[in-house]
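The residues making up each chain are set out below.
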2 protein chains.
Amino acid sequence: MLSKRSQYALKALGYLAYKYDQGPVLIAEIALKKKIPLKFLEGILLELKLAGILDSKKGKGGGYYLAKHPGDVKVATVIRLVNGPIAMLPCVSLYFYKRCENCNEKRCALHDMMIEVRDATLNIVEKRTLIDLMES
Amino acid sequence: MLSKRSQYALKALGYLAYKYDQGPVLIAEIALKKKIPLKFLEGILLELKLAGILDSKKGKGGGYYLAKHPGDVKVATVIRLVNGPIAMLPCVSLYFYKRCENCNEKRCALHDMMIEVRDATLNIVEKRTLIDLMES
DNA sequence: ATTATAGTCTATGTGTTTGGTAGGGTAATT
DNA sequence: AATTACCCTACCAAACACATAGACTATAAT
């Protein structure tokens with residue numbers, strides 16, 4: 001399951017994608033429209049900024065905005081950043097790989113099945129971008 | 001990610017499937033072969049028994065064994081039992097559904113994408129059984 | 001320069017889950 | 001009597017989830 005934080009991140013990005021090229025958007029506006037606790041959202045947006053997905057402007061007329069074109073931000077990237085591994089097991093994760101202690105990966109039935117699951121999922125989230133999440 | 005508990009459950013079941021029709025298997029044997037902390041495993045096997053997947057016999061010559069044919073126990077069932085929802089969001093879960101507070105499911109882009117992910121995953125884990133996990 | 005705006009940063013809190021360890025006693029079977 | 005599952009309590013450390021509060025700092029308009 002995705003954490004609340006991840007859901008919020010995706011929702012917020014969907015909104016910012018929708019508002020793309022319309023200038024900075026207030027944290028408060030996003031919080032209101034997407035029903036996200038404001039201070040919680042603050043931290044999430046900052047994380048997305050530090051990762052280079054968002055950029056921000058302070059002062060009047062400031063706010064957050066996408067640092068890239070919505071089509072250039074993959075859903076998979078956001079999930080990995082905010083939520084962590086997409087795979088069901090560390091031993092089949094591409095970005096968070098950790099060796100499995102109680103199986104030899106060369107012939108582990110569970111391992112093989114989980115690779116299939118991972119690929120089925122990646123096949124979707126690696127292809128989808130913020131364009132697919134655009135929403136008011 | 002699957003919890004350790006879930007990994008252990010699947011590993012143990014794979015072993016019991018491998019030993020199917022060879023009489024009860026000691027908890028200690030499973031723990032040893034699959035490198036699972038014994039007391040932890042104890043609880044897991046009990047849970048699987050209460051769910052009707054395993055059966056057990058006490059006393060000398062006792063142990064745990066599959067209550068059903070390995071081909072009749074779906075991987076999806078085990079994951080739902082021990083790990084919880086397979087879907088990435090509560091609002092797209094079939095067995096653990098919970099309404100989403102910050103979207104109207106009729107037209108929520110995230111919702112739709114997560115249904116796709118769910119189905120891609122289910123397409124695998126609903127078809128695989130303990131036969132596919134059989135392993136010494 | 002001042003002031004309001006709006007993002008940034010740090011700290012704190014509470015509760016839950018995870019992944020164990022340790023020990024005991026009970027009930028059934030051989 | 002020995003074996004083995006069953007069932008219970010207690011404890012622990014660490015992480016995670018989901019926030020809230022307050023102070024600080026940069027920006028821009030006046």
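Rules and cut-offs
Residues numbered from 1 in each chain as written. Chains lettered and ligands numbered in written order. Predicted model: local features only at pLDDT ≥ 70, side-chain atom pairs only at ≥ 80, totals over all residues. Near = placed C-beta within 6 Å. Helix = DSSP H or I, 4+ residues; strand = E, 2+ residues; numbered from the N terminus. Nonpolar A, V, L, I, M, F, W, Y, C, P; charged D, E, K, R; others polar. Axes fitted to C-alpha atoms, helices over the stretch in contact; angles between N-to-C directions. Left-handed = near helix turned anticlockwise from the far one by under 90°. Contact = placed C-beta atoms within 7 Å. Buried ≥ 20, exposed ≤ 12 C-beta atoms within 10 Å, placed from the backbone. Pairing = 2+ DSSP bridges. Least-squares fit on C-alpha atoms with pLDDT ≥ 70 in both. Expected span 1.5 Å × (residues − 1).

Asker: Teacher, can you tell me more about the protein's contact with DNA strand D here?
Answerer: With respect to spatial proximity, 23 residues lie near DNA strand D, and among them Lys4, Pro37, Lys39 and Gly59 of chain A together with Ser56 of chain B are the closest. When contributions to the surface near DNA strand D are tallied by element, the ones reaching two or more residues are helix 1 (4–18) and helix 3 (38–50) of chain A together with helix 3 (38–50) of chain B. Per element, the largest residue contribution to the surface near DNA strand D is 4 residues, and it comes from helix 3 of chain B. Taken together, the residues that form the surface near DNA strand D break down as 6 nonpolar, 7 polar and 10 charged.

Asker: Explain the packing of helix 2 (residues 27–34) of chain B against helix 3 of chain B here, please?
Answerer: The angle between the axes and the distance between the axes are what describe a pair of packed helices. All names here are of chain B. Helix 3 packs onto helix 2 with a crossing angle of 115° between their chain directions and a minimal axis gap of 9 Å. Our pair here, helix 2 against helix 3, has a crossing hand that is right-handed. Contact residues: helix 2 offers Ile27, Ala28, Ile30 and Ala31, while helix 3 offers Leu38, Leu41, Glu42 and Leu45.

Asker: For this particular structure, what's the right way to read the pairing of strand 2 (residues 63–66) of chain B?
Answerer: Consecutive residues of a regular strand have side chains that alternate between opposite faces of the sheet. All names here are of chain B. Taking every second residue as pointing to the same face, the buried face of strand 2 carries Tyr64 and Leu66, while none of Gly63 and Tyr65 on the other face is buried. As paired strands, strand 1 (residues 54–57) and strand 2 are joined by 4 bridges and run antiparallel to one another. Counted as the bridge partner of Leu54 is Leu66 from strand 2. The turn linking strand 1 back onto strand 2 is made up of 5 residues, and Gly59 within it adopts a positive phi angle of 75°.

Asker: What exactly am I supposed to notice about the relation of the copies chain A and chain B here?
Answerer: Copy one and copy two of the chain differ by a rotation about a common axis and a shift along it. Placing chain A over chain B gives an RMSD of 0.0 Å and needs a rotation angle of 180°, together with 0.0 Å of translation along the axis. The transformation just described matches what one would write down for a two-fold rotation axis. Of the C-alpha atoms belonging to chain A, the one lying closest to the rotation axis is found on Ala120 of chain A, 2.9 Å away. A shared interface surface links the copies, since 100% of the contact residues of chain A are contact residues in chain B too.

Asker: Got a minute to help me understand the interface of chain A and chain B in this structure?
Answerer: You'll often see interface size given as the accessible area lost when the parts meet. Contact residues are listed per partner, giving 28 residues for chain A and 28 residues for chain B. Contributions of two or more residues to the side of chain A that touches chain B are made by helix 1 and helix 5 (109–125) of chain A. Element by element, the count of residues in the side of chain A that touches chain B is highest for helix 5 of chain A, at 9 residues. In terms of residue class, the side of chain A that touches chain B is made up of 16 nonpolar, 4 polar and 8 charged.

Asker: Got a minute to help me understand the environment of Ala28 of chain B in this structure?
Answerer: Residues and elements named next belong to chain B. Take Ala28: it is sitting in helix 2. Judged by the 12 C-beta atoms lying within 10 Å of it, Ala28 falls in the exposed class. The spacing of Ala28 and Lys39 is 11 residues in sequence and 9.3 Å in space, taken between C-alpha atoms.

Asker: What am I meant to see in the protein's contact with DNA strand C here?
Answerer: As a structural note, the neighbourhood of DNA strand C is formed by 24 residues, with Gly63 of chain A together with Ser3, Lys4, Pro37 and Gly59 of chain B the closest of them. For the surface near DNA strand C, the secondary structure elements donating two or more residues are helix 3 and strand 2 (63–66) of chain A together with helix 1 (4–18) and helix 3 of chain B. Looking at the surface near DNA strand C, its residues break down into 7 nonpolar, 7 polar and 10 charged.

Asker: I keep staring at the environment of Val75 of chain B and nothing clicks. Help me out?
Answerer: Structurally, Val75 of chain B is set in helix 4 (residues 75–82). Here the alpha-carbon distance between Val75 of chain B and Lys11 of chain B, two residues 64 residues apart in the chain, equals 11 Å. In this structure, Val75 of chain B is in contact with Met113 of chain A together with Val125, Arg128 and Thr129 of chain B, ignoring residues within four places of it in sequence.

Asker: Looking at this structure, how should I read helix 1 of chain A?
Answerer: Each full turn of the α-helix corresponds to 3.6 residues, which orients residues three or four apart in the same direction. The terminal C-alpha atoms of helix 1 of chain A, which comprises 15 residues, lie 21 Å apart, in line with the 21 Å expected from a rise of 1.5 Å per residue. Within helix 1 of chain A, 12 of the 15 residues are buried, leaving the element largely enclosed by the surrounding structure. Turning to helix 1 of chain A, its buried residues are Ser6, Gln7, Tyr8, Ala9, Leu10, Lys11, Ala12, Leu13, Gly14, Tyr15, Leu16 and Ala17 of chain A. Buried residues in helix 1 of chain A make contact with helix 2 (27–34), helix 3, strand 2 and helix 4 (75–82) of chain A together with helix 5 (109–125) of chain B.

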